[in-house]
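Each chain, letter by letter, is given below.
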Amino acid sequence: PHERTEGIISDATEPPNPEVFEAAISLDDFKNIDPELFEWVNPDEIRPGDTTCGFLKAPLGWEVEELDVVYPIVKTYVCVTFATQQPAPRGNLAVHCGGPGGLSLCNYAIWLDLDEEARSTYNIIGFDQRGMGRSEPTFVVPECAAQLQDTEGKLAVNYNDEESIRDAAKVYKEVHLNCWNHPGFKLEAIQGDGTSRAFHFLEYSGTRQLAEDIERIRRLFGDQKLSVYGISYGTVVMGSYATVFSDNVNLMVLDGSVDPNSDIVSRTKDDVRSKQQRLDYFIASCEFGNVQCGAPDVRQCINDVNRLVDWAGDEFEDWLSPFKDLLEIFGLRMYANKGIVMMILIQVIFGAYNQMSALCDAAKADDIGSFKDWIFNNLFGDNVLELEMTTNFPILNITQDNVTHYFEYNSESKPTSGQSPESDWPFQGYGQMAGVSSVCQDMITAQDMALGSYDEDRYVKFFQQLNEQYSGAGTQLPAKNVVQWYSSTYYWPNITPLPPIGNPFLKGIVAGQLYDPATPYIWTQKMRDQFKSTSLLTSRSVNHGLSNTIESLSSDRRCFANILRYFKNGYVDFSDGKVCESDHIGDSCTIQNILNDNFCSGTDTAQNVLAIE
């Protein structure tokens, strides 16, 4: 058996099935791809173990000869991390790490997840999907960045205030209409009869078009079957590919699945319920002996704090106004918003566990003076809030197994990051618009999803009902954390919804985490139901995607070994429905992690490596 040296425990299995794998084309064949269809930036970097990128030159729409339509050409940036063994014995592996907005830097993340045997035998292929990164045209224009257009803070919604919700709806409507009319999205092509035909980029740049671009790359890169690996939104990408081009899929892993259907209403309701359930389970874990709670009855404490905030009302804005600039660094705009106040209190203040009981006692006694003193002493003391500033460099250094790997990115022929607010790659201001705003996520969701709202009253009522049912202990965070997805479809002029994702015959692994902060476990169940011949792999993890558990100390690391063996051996060697053990949520997470939808770190306790079959 092969073991990952970072502590992943691999089960002994039968040898790989050689009939599953077909070697990729040679490096010389990669170099000789027709540059009219795909052009490498630096073909000299096509060599074993290296990473290099180029541009797919694709028609805007899918070519259907009988329609006799000539489409404009768009460019999709594609990166390949070549196997050290060439031709790559296990073929090509297309990857997508999520988002929408995750870029070709995914190549490096997946490379690090694999062990040496898998790294040396797969060519890993990643994408800056249409509209993002170095691909052209780009979504990343100020007119489409709702958060940058919100100069008056109206997107800092108080979901207990109807007018506040209406104000946000008006912002989204105006941004979406202005975005749609941006001249950069209007394309033209001369048709066979000599006439000019107009096309709109935002009708041809969703997940369906990424699946089509992946198929174009598969054909250009040798026409062998393609193995696919999607994480988070990447499960929609690779699931869509497997739905539309199922005959061309070799191995498939979908981890941390997103809803395989295109109903934005049901997707939003699933998401908000999941975030409330994660909080409820953490609070309940205090009754199971959770050492991270900091108070004997956290549920009662939260209720008391919530009641006191209600009673104090707008006085909190006056208290915190001297710190407005500091709080805005953390994305907390200070307006008269009870949800913002509760978010600050619970996310940040409840991190001071050794003093938490004093806060709870003050709230229970309605002691507003002591409550205020506690806030100032703990939130704005010398050691509570610390900023860690990072700079976006073109070299990423990662030490693994006492070996430091150097990954070049954000340069002419290497993968794109684009996630740092300081990043001016691939163009000036890209990092601020793509990293600080949600423009990339919004553009994809708006195209892919159906059943969004075109009525302000309906929009308002929808969020009022969500917040009433799932208040997040008064923080309004469940509603706050899903508002972007639903709102991205509000007053969107023309959608291109995906077909239901799935195939009853295609085999592979669908994996999910019970207390995932980003993708509800119910979506994993739905994805498995759509791919009925796949095997379900469940972890009790509190993290997002099994690969995110690798660096932790939690016992759910073993789950990822199932995926690793599958990619190396070519078949699933566990029973459908396998459930992996994990550190208990109360031992892995703090209440800050839960309310901020953050990943949690495992403990250093002895690990239980058994799994429930």
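The structure displayed is predicted, hence computed values, not measured ones. (Residues numbered from 1 in each chain as written. Predicted model: local features only at pLDDT ≥ 70, side-chain atom pairs only at ≥ 80, totals over all residues. Heavy atoms only, no water.)

**Remarks on the state of the cysteines**
- Scanning the model with the defined rule gives five disulfides in all.
- The disulfide partner of C53 is C79, and the gap between their sulfur atoms is 2.0 Å. Since a negative S-S torsion denotes a left-handed disulfide, the C53-C79 link at about 105° is right-handed. Here C53, found in strand β2 (residues 51-59), pairs with C79, found in strand β3 (residues 73-81); they are 26 residues apart in sequence, far enough to count as distant.
- Look at C53 and you get buried, because its relative accessible area is 0%.
- Owing to a relative accessible area of 0%, C79 belongs among the buried residues under this scheme. (Disulfide = S-S within 2.5 Å. Helix = DSSP H or I, 4+ residues; strand = E, 2+ residues; numbered from the N terminus. Buried < 20%, exposed > 50% of the residue type's maximum accessible area, 1.4 Å probe, protein only.)

**Remarks on the confidence of the model for the protein**
- Taken as a whole, the protein shows an average pLDDT of 83; of its residues, 80% reach a score of 70 or greater.
- Taken as a whole, residues 1-12 scores under 50 in pLDDT and shows 36 contacts with residues more than four places along the chain or in a different chain.
- Taken together, the stretch residues 382-393 has pLDDT below 50 and engages in 17 contacts with residues farther than four places along the chain or on a different chain. (pLDDT = per-residue confidence, 0-100. Contact = heavy atoms within 4.5 Å.)

**Remarks on helix α7 (residues 233-244)**
- When the terminal C-alpha atoms of α7 are compared, their 17 Å separation across twelve residues agrees well with the 16 Å that a helix rising 1.5 Å per residue should span.
- Looking at the packing, one finds that the buried side of α7 touches β4 (92-96), α6 (207-220), β8 (226-231), β9 (249-255), α16 (439-448) and α19 (521-530). (Expected span 1.5 Å × (residues − 1).)

**Details of the side chain of Q513**
- Topologically, Q513 is positioned in strand β12 (residues 509-513).
- For Q513, a relative accessible area of 1% gives the class buried.
- In terms of polar contacts, Q513 uses its side chain to reach the backbone amide nitrogen of G545, at 3.0 Å.
- Non-local contacts of Q513, meaning those with residues more than four positions away in its chain, are made with D255, G256, Y521, S539, S541, N543, H544, G545 and L546. (Polar contact = N/O pair within 3.5 Å; in protein donor to acceptor, adjacent residues only side chain to side chain.)

**Some words on the pattern of salt bridges**
- Applying the stated criterion across every chain yields a total of 30 salt bridges.
- When salt bridges that share partners are traced, they join E162, R166, K170, E456 and D457 into one network. (Salt bridge = Lys/Arg side-chain N within 4 Å of Asp/Glu carboxyl O.)

**A closer look at the nonpolar core**
- Counting residues in hydrophobic clusters, the biggest one holds 68 residues, and the most contacted among them are F30, W40, L202, I214 and F221.
- Leaving out residues up to four positions away in the same chain, I214 has contacts with A94, F127, L226, V237, M238 and Y241.
- Core analysis: the next-biggest nonpolar cluster, separate from the first, contains 30 residues, W111, L114, V253 and I563 among them. (Core = buried A, V, L, I, M, F, W, Y, C linked by side-chain atoms within 4.5 Å.)

**A look at the environment of A83**
- With respect to the helices and strands, the residue A83 is situated in the loop between β3 and β4.
- A relative accessible area of 0% places A83 in the buried class.
- In sequence terms A83 and A118 are 35 residues apart; their C-alpha atoms lie 8.6 Å from each other.
- Here A83 is in contact with P48, G49, A88, R119, S120, T121, Y122 and N123, once residues within four sequence places are set aside.

**So, the packing of helix α8 (residues 264-285) against helix α9 (residues 298-312)**
- Two elements in contact, α8 and α9, have axes whose closest approach is 8 Å; the angle formed by their N-to-C orientations is 120°. In terms of orientation, α8 lies oblique with respect to α9. For the pair α8 and α9, contact is made by D280, I283 and A284 and by V298, R299 and I302, respectively.
- Tallied by class, the residues present in the contact of α8 with α9 amount to four nonpolar, no polar and two charged. (Axes fitted to C-alpha atoms, helices over the stretch in contact; angles between N-to-C directions. Parallel < 35°, antiparallel > 145°, perpendicular 65-115°, else oblique. Nonpolar A, V, L, I, M, F, W, Y, C, P; charged D, E, K, R; others polar.)

**Digging into α16**
- For α16, the buried fraction is high: nine of the ten residues fall into the buried class.
- What α16 keeps buried is the set V439, C440, D442, M443, I444, T445, A446, Q447 and D448.
- The secondary structure elements touched by the buried residues of α16 are α5 (162-180), α6, α7, α8, α15 (430-436) and α18 (477-487).

**Topic: the environment of L359**
- Structurally, L359 is set in helix α13 (residues 356-364).
- The exposure class of L359 is buried, given its relative accessible area of 0%.
- C-alpha separation for the pair L359 and D304, spaced 55 residues apart in sequence, amounts to 9.8 Å.

**A look at unusual backbone geometry**
- In this chain, G99 is followed by P100 through a cis amide linkage whose omega measures -5°.
- Locating P100 in the fold gives a position in the loop between β4 and α2 (106-113).
- Between E136 and P137 the backbone carries a cis peptide bond, its omega angle lying at -5°.
- With respect to the helices, strands and loops of the structure, P137 is situated in the loop between β5 (123-128) and α4 (146-149).

**Things to note about the pairing of strand β7 (residues 196-200)**
- Relative to β7, strand β6 (residues 186-190) is paired through five bridges, and the arrangement is antiparallel. Counterpart to L187 in the pairing with β7 is F199.
- Two successive antiparallel strands, β6 and β7, enclose a turn made up of five residues, where G194 displays a positive phi of approximately 90°. (Pairing = 2+ DSSP bridges.)

**Observations regarding the packing of helix α17 (residues 456-469) against α18**
- Interaxial distance between α17 and α18 falls to 11 Å at its minimum, and their mutual angle equals 150°. In this view, α17 runs roughly antiparallel relative to α18, as classed from their interaxial angle. For the pair α17 and α18, the sense of crossing is right-handed. For the pair formed by α17 and α18, the contact residues are Y459, F462, F463, L466 and N467 on the first element and A479, V482, V483, Y486 and S487 on the second.
- Looking at side-chain class alone, the contact of α17 with α18 contains eight nonpolar, two polar and no charged residues. (Left-handed = near helix turned anticlockwise from the far one by under 90°.)

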